[in-house]
Amino acid sequence: MTSTAAGAEFTAMWRELAVIGRHTGSGGYRRYAWTPADADCRAWFRAQAEDRGLAYETDRNGNQWAWLGDPAAGDAVVTGSHLDSVPDGGAFDGPLGVVSSFAALDDLRARGARPRRPLAVVNFVDEEGARFGLACVGSRLTAGGLAPQDARKLVDADGVSLAQAMEKAGQDPDAIGPDPERLARVGAFVELHVEQGRALDLLDRPVGVASAIWPHGRWRFDFRGEANHAGTTRIEDRRDPMLTYATTVLAARKKARLAGALATFGKVAVEPNGVNAIASQVRGWLDSRAADEETLDGVVAAIEQAARERGARDGVEVSVVRESFTPVVEFAHDLRDRLAALLGAGVPVPVLPTGAGHDAGILSAAVPTAMLFVRNPTGVSHSPAESAAEEDCLAGVSALADVLEGLACR
Ligand SMILES: [Zn+2]
């Protein structure tokens, strides 16, 4: 059980953070990297660290750390998440992990637990990539998965580069880059996150452990036909790419459902985009995810085949380009099993995969990494409707404290 003190701390922190970067019109959060709202979140983090007597530091990439114990001792147990948001995001995605991390340290203190390993809370900067278009910039730079010269060149919608934005926020953009020394001091990273689906709700359980992050990718489908008059062109004479596109959207749904995968066309661009004109070109972006890469490849190949077959009938040319791909992330099995054992004393804790990317996924290439999920009753995420019950959040704090105690205090 979470101590009452840790519960009260959680509620107080939650309330303080809730007003930062909230858009009064939409009710959602607009906390984009290196903006004033982000600076307010970062000031909040620093104040939480200092209130607890934790040693505060910002690393070369702008990630914030709060240390209990000597970082140089090594084999640290690190927990945390991110404080930035997608446009009009919910309150829980990211902040729940950071607030729970501080509350879990409070809980450990209330339990009288004595850490044998250094503990730290981290806030990874720019996880959502809402401003510069690339997710997990802070953790990618640290883990060496993003070249500093490429990061500095990222630009936002107003043409401001990441380098300029960092400089304006008082962070040196010339200092960014891989941080292997820092990562070498981390023995385990545990990220608590609100679930972005309904698996825990369907199991009627407040907390779960992550098994893996599904491989996922984005593919651009171009359908080229012929623009013509909507009122005078005979049906038989049309080469209408919208038809091919529509059939492909339906095929994507069907192929994904049959394979137990996910496939979504969520973005489309039409030329010339006129009400009374048959389109000359439709460009649609497919996001697809599956439990393993073989299934994912199979689903995308089947969708592409359906597009080409229909395109041949419609007189429409189809081309497909893979724009990005992220391989499967298997979280460290021994750490995952350790968490499941620490949390499943009575009833086994649910162990579930996720289709969403996280800093934990990026870091897993460099350090043993695990994730805890907290029930989200509707499964809605990246929206102001994202939610979690307070008692579930406190169950998450308690679970995280159990994990930190089991890993660092025994
Ligand atoms: Zn997140």
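Structure: above.
Residue numbering note: each chain is counted from 1, following its sequence as written. Only residues with pLDDT of 70 or above have their local features reported here, since the model is predicted, and side-chain atom pairs are shown and tallied only from 80 upward, although totals for entire chains, interfaces and linings are computed over all residues. Neither water nor hydrogens contribute to the side-chain values; these are computed over all heavy atoms in the structure.

Let's talk about a negative patch on the surface
Only residues above 30% relative accessible area that lack a salt bridge enter a patch, with like-charged residues linked at up to 9 Å and the nonpolar side chains Val, Leu, Ile, Met, Phe, Trp and Tyr linked at up to 5 Å. Here the open area of atoms and residues is found with the Shrake-Rupley method and a 1.4 Å probe, where only the protein chains shown may cover a residue. Salt bridge criterion: a side-chain nitrogen from Lys or Arg within 4 Å of a carboxyl oxygen from Asp or Glu. Think of it this way: Lys and Arg go in the positive column, Asp and Glu in the negative one, and His and the chain ends go nowhere. By convention, charge coordinates are those of NZ in Lys, CZ in Arg, CG in Asp, or CD in Glu. A contiguous patch of negative charge on the surface is contributed by D292, E293, E294 and D297. In this description a helix means any DSSP run of H or I spanning at least four residues, a strand means any run of E spanning at least two, and both kinds are numbered starting from the N terminus. The residue D292 is located in the loop between β11 (281-289) and α10 (293-314) in this model.

A word on the layout of surface pockets
Each pocket or cavity is described by its volume, and for the largest pocket that value is around 1500 Å³. Every definition here rests on a 1 Å grid over the protein atoms only: cavities are sets of points where a 1.4 Å probe fits but cannot get out, pockets are open sets enclosed by protein on both sides within 12 Å along at least five of seven lines, and lining residues have some atom within 4 Å of a point. Taken together, 46 residues line the largest pocket, and the ones lying closest to its centre are H216, R218, R289, A356 and G357. Broken down by element, the lining of the largest pocket gets its largest block of residues, 4 residues, from strand β12 (residues 317-326). Each residue receives one of three labels: charged for Asp, Glu, Lys and Arg, nonpolar for Ala, Val, Leu, Ile, Met, Phe, Trp, Tyr, Cys and Pro, and polar for the others, Gly being one of them. A class-by-class count of the residues in the lining of the largest pocket yields 17 nonpolar, 19 polar and 10 charged. Grid points are joined across faces, edges and corners, and a volume is the space filled by probe spheres set on the points.

Overview of the packing of aromatic side chains
Note on aromatic pairs: the rings of Phe, Tyr and Trp (six-membered ring only in Trp) are paired at centre separations within 6.5 Å, and the planes decide the class, stacked below 30 degrees, edge-to-face beyond 60, tilted for the rest. Applying the stated rule across the entire model yields 12 aromatic pairs. Taking the centre distance of 5.8 Å and the plane angle of 10 degrees together, the rings of W65 and W67 count as stacked. Judged by its relative accessible area of 4%, W67 falls in the buried class. Between F221 and F265, the ring centres sit 5.4 Å apart and the planes meet at 80 degrees, which makes this aromatic pair edge-to-face. Of the two residues, F221 sits in strand β7 (residues 216-224) while F265 sits in strand β9 (residues 262-271), which places them 44 residues apart along the sequence. Ring pairs connect the aromatic residues W44, F45, Y56 and F102, which therefore count as one cluster. Here, a charge over a ring means that NZ of Lys or CZ of Arg falls within 6 Å of the ring centre while also lying within 35 degrees of the ring normal. Over the ring of W285 we find K267; its NZ or CZ atom is 4.5 Å from the centre of that ring. Accessibility here uses a 1.4 Å probe with only protein chains present; expressed as a share of the type maximum, an area under 20% marks a residue as buried, one over 50% as exposed, and anything in between as partly exposed.

A short note on α10
Here the expected span of a helix is defined as 1.5 Å times the quantity of residues minus one. Under the 1.5 Å per step criterion, the end-to-end length of α10 is 31 Å for 22 residues, consistent within 8% with the ideal 32 Å. Three or more residues of α10 are buried, namely L296, V299, V300, I303, A306, A307, R310, G311 and D314. One side of α10 holds all its buried residues, which, seen down the axis, span an arc of 135 degrees. Residues E294, A312 and R313 are exposed on α10 and point more than 90 degrees away from its buried face. Looking at the packing, one finds that the buried side of α10 touches β7, α9 (241-259), β9, β11 and β12. Sitting at the head of α10, D292 places a side-chain oxygen 3.2 Å from the backbone nitrogen of E294. Just beyond α10, the residue with positive phi is G315, at close to 70 degrees. Directions drawn from the helix axis to the C-beta atoms are what define this arc. By the convention used here, residues are in contact when the closest approach between their heavy atoms is within 4.5 Å. Pairing of N or O atoms within 3.5 Å defines a polar contact, subject to two protein rules: one partner must be a possible hydrogen donor and the other a possible acceptor, and residues neighboring in sequence count only if both atoms are side-chain atoms.

Considering the nonpolar core
Nonpolar cores are built from buried Ala, Val, Leu, Ile, Met, Phe, Trp, Tyr and Cys residues. Side-chain atoms within 4.5 Å join them into one set. In terms of nonpolar packing, the biggest core is built from 51 residues, with W44, L96, F102, L339 and L372 touching the most fellow members. Of all the elements, helix α13 (residues 390-408) adds the most residues to this core, at 9 residues. With sequence-adjacent residues up to four places away left out, F102 is seen in contact with M13, W44, F45, Q48, A49, R52, L54, A66 and V121. Among the nonpolar cores identified, the runner-up in size contains 21 residues, and W65, A120, F189 and V367 belong to it.

With respect to the sheet that holds β11
We treat two strands as partners when DSSP finds at least two bridges between them. The strand order across the open sheet formed by 4 strands is β9-β11-β7-β12, and the pairing between neighbours is antiparallel. Both outer strands of the open sheet, β9 and β12, are each paired with one neighbouring strand and no more. When the angles between neighbouring strand axes are averaged without regard to direction, this sheet yields 20 degrees. In this structure, β7 lies alongside β12, joined through 9 bridges in antiparallel fashion. When the sheet's bridge partners are listed, W219 is paired in β12 with R322. Together, β7, β9, β11 and β12 form the strand contacts of α9, whose direction differs from that of β9 by roughly 170 degrees. Against the sheet, α10 touches β7, β9, β11 and β12, its axis set at about 165 degrees to β12. Orientation is described by lines fitted to C-alpha atoms, with helices fitted over the stretch in contact, and by angles between N-to-C directions that extend from 0 to 180 degrees.

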